[in-house]
Amino acid sequence: MAEGQGRRVLITGGAGYIGSHTAKALARHGFSPIVFDDLSSGRREAVRWGPLVVGDVRDRAALAAALAEHRPDAVIHFAALIEAGLSVGRPDRFYDVNVGGTMALLAAMTQAGVNRLVFSSTGSFYRTGDAAPMREDDPIEPANPYAETKAVSERMIASHAAAFGLRAVALRYFNASGADPDGELGEAHQPETHLIPIVVEAALGLRPELKLYGTDYPTPDGTCVRDYIHVADLAAAHAAALDLELPEGGYRAFNVGTGRGYSVKEVIEAVGRAVGKPLTYSAAPRRAGDPASIVADTARAMAELGWTPRSSSLDAIVASAVAWRRNPAFGFG
């Protein structure tokens, strides 16, 4: 087990898809990750770079005990429910876990005197309606309860920073995708809701024919456009955020994407190239609430974090996703 020997970082939700990749990245950057996860969706097999503390992020006492035992220098907060569609029917669950968990964590950190936080936020809460890349100062208009819980949590963290001297960074993700280049980690959601792994599974004969929801959007080929960021690049952004110089009480938000959008049809074509055969699909009506284009403006992150995505070409993302699904280390079977 490779483990960093430097600053200790508690990672809530560190057994999940992005959290586990971040734990590996931190260990490689000389940090010592400690994973806090209830394993409701995270994978025990993904915890390989530091100890695992099994606990619920809403449990302030469990968080306080973990902070007291491991005495981290910082916390990265991933633990949350993430399925936007599910949040429409069960907003109660999303507010309970996502907002309640953030409240419990902030209280436990204040009690323990831990004053550095990196928060896993989202780029999905910006107002949509045109094709311009989204900037951090653009209006926030959440379209579903999941996105609203992230917006509320950001406001809580910012006010907490001002009141208690916390130094906090929010990373607003766009479409996390791909898999660990070493093949040790990857997406293993059950059920899977993300486009790239769904297309990969269809290409490998692991699910029925693809449905393409909406072919009449105001985009170059009529299908939705999204900004896909390789999970390894996303993990590297967290390491950079931990090193950001902030004043006491400072709070800063950054988009984490590539600034380049790809359409659904372009994703399907890229997967076809990766597996060596074109994919067939059937057209279906648009899904309610799907905006035409969501692309990040990443100028702030590149300038202030000194971070640049290095592995996020569409072909590189898809190749890693195909390699993982052909030979997953865990999660299927």
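Everything below is about the structure printed above this text.
Scope of this entry: the structure provided in the associated data block. (Residues numbered from 1 in each chain as written. Predicted model: local features only at pLDDT ≥ 70, side-chain atom pairs only at ≥ 80, totals over all residues. Heavy atoms only, no water.)

As a further point, take the side chain of threonine 149. Relative to the elements of secondary structure, threonine 149 occurs in helix 5 (residues 145-164). A distance of 2.6 Å separates the side chain of threonine 149 from the backbone oxygen of tyrosine 146, its partner in a polar contact. Once residues within four sequence positions are removed from consideration, threonine 149 is found in contact with Phe94, Tyr95, Asn98 and Val99. (Helix = DSSP H or I, 4+ residues; strand = E, 2+ residues; numbered from the N terminus. Polar contact = N/O pair within 3.5 Å; in protein donor to acceptor, adjacent residues only side chain to side chain. Contact = heavy atoms within 4.5 Å.)

Quick look at helix 1 (residues 17-28) now. Between the first and last C-alpha of helix 1 there are 17 Å, a value that for 12 residues agrees with the 16 Å anticipated at 1.5 Å per step. In terms of burial, helix 1 is a largely internal element, 11 of the 12 residues being buried. Turning to helix 1, its buried residues are Tyr17, Ile18, Gly19, Ser20, His21, Thr22, Ala23, Lys24, Ala25, Leu26 and Ala27. Contacts made by the buried residues of helix 1 are with strand 1 (8-12), strand 2 (32-37), strand 4 (74-77), strand 6 (167-173), strand 7 (175-177) and helix 7 (231-242). Glycine 30 occupies a position one or two residues after helix 1 and carries a positive phi of about 95°. (Expected span 1.5 Å × (residues − 1). Buried < 20%, exposed > 50% of the residue type's maximum accessible area, 1.4 Å probe, protein only.)

Take the sheet that holds strand 4 next. Spatially, seven strands are ordered 3-2-1-4-5-6-10 in an open sheet, and the strand pairing comes out parallel. Among the strands making up the open sheet, the edge pair consists of strand 3 (52-54) and strand 10 (251-256). On average, each strand axis in the sheet is inclined to that of its neighbour by 20°, with strand direction left out of account. In terms of strand pairing, strand 2 meets strand 3 through three bridges, oriented parallel. Within strand 3, the position partnered with valine 35 by the bridge is leucine 52. On top of the sheet, helix 1 reaches strand 1, strand 2, strand 4 and strand 6; it is set at about 170° to strand 1, its chief contact. Where helix 7 meets the sheet, it contacts strand 1, strand 4, strand 5 (116-122), strand 6 and strand 10, and its direction lies at approximately 160° from that of strand 6. (Pairing = 2+ DSSP bridges. Axes fitted to C-alpha atoms, helices over the stretch in contact; angles between N-to-C directions.)

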